[in-house]
Amino acid sequence: SQTIHQWPATLVQPVGSPLSLECTVEGTSNPNLYWYRQAAGRGLQLLFYSVGIGQISSEVPQNLSASRPQDRQFILSSKKLLLSDSGFYLCAWNLGLAGYEQYFGPGTRLTVT
Amino acid sequence: AQKVTQAQTEISVVEKEDVTLDCVYETRDTTYYLFWYKQPPSGELVFLIRRNSFDEQNEISGRYSWNFQKSTSSFNFTITASQVVDSAVYFCALSEAWTGNQFYFGTGTSLTVIP
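Reading the values: the criteria
- Residues numbered from 1 in each chain as written.
- Chains lettered and ligands numbered in written order.
- Predicted model: local features only at pLDDT ≥ 70, side-chain atom pairs only at ≥ 80, totals over all residues.
- Heavy atoms only, no water.
- Disulfide = S-S within 2.5 Å.
- Helix = DSSP H or I, 4+ residues; strand = E, 2+ residues; numbered from the N terminus.
- Buried < 20%, exposed > 50% of the residue type's maximum accessible area, 1.4 Å probe, protein only.

Chemist: Explain the state of the cysteines to me, please; I cannot follow it from the model alone.
Modeler: Covalent bonding between the sulfur atoms of two cysteines defines a disulfide. Inspection of the entire model under this criterion finds two disulfides over all chains. Each disulfide pairs two cysteine sulfurs, and for Cys23 of chain A the partner residue is Cys91 of chain A, the sulfurs being separated by 2.0 Å. Measuring handedness by torsion sign, the sulfur bridge of Cys23 of chain A and Cys91 of chain A sits at about -75° and is left-handed. Of the two residues, Cys23 of chain A is situated in strand β3 (residues 19–26) and Cys91 of chain A in strand β9 (residues 87–94); the sequence distance between them amounts to 68 residues. The exposure class assigned to Cys91 of chain A is buried, which follows from its relative accessible area of 0%. The disulfide partner of Cys23 of chain B is Cys92 of chain B, and the gap between their sulfur atoms is 1.9 Å. Every disulfide takes its handedness from the sign of the S-S torsion; for Cys23 of chain B and Cys92 of chain B that torsion is -65°, giving left-handed. On the criterion of sequence distance, the pair formed by Cys23 of chain B in the loop between β3 (19–21) and β4 (24–25) and Cys92 of chain B in strand β10 (residues 88–96) is long-range, its members being 69 residues apart. Overall, the relative accessible area of 0% leaves Cys23 of chain B in the buried class.

Spelled out as structure tokens, the structure:
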């Protein structure tokens, strides 16, 4: 069966510090991978998605970047965090088939101080 | 414009009451998919159901049921005999065949079941 991991679970970082969040998927090959952010207030904002190694689509221009160095690894980064980067970051995967549901990881709660 | 609208921001019900969560979607695609997710206090989104645009048959799974009506562009979710464990935020989402990878999520409905 497929499993998705995210780490760390929680993170407190000062403004201006770098960020690296990692997401890995087990039990499947060539998944689509997604990064979402959920700020206080619940809405899910799609940040990046990837359909293959090295292929990244950005949905919202901002202070963050994403990379996919391996088939089942998705990394979210920032060189300098802003206060507005605080939130709950969720990684998700699905198969590259139309209509296939997304499966989410446990999330990383980031607080920028 | 919002592709998925969940007009109910917060709902509170007393345990054992039935509750319906509304979802209205907008798309020009003839082939599309609708989803419901549950987000308990732990934070992880849990997939509940998928429906494609060609299947309007209602679905029942235990205490959960879903009513898909293309005529009103709605995909409502009913919980029968609610329980405290049903307290969560529920998200409706839309995926269109022609955009493929994009999921459009509603803003969620926070359900509180009072014991």
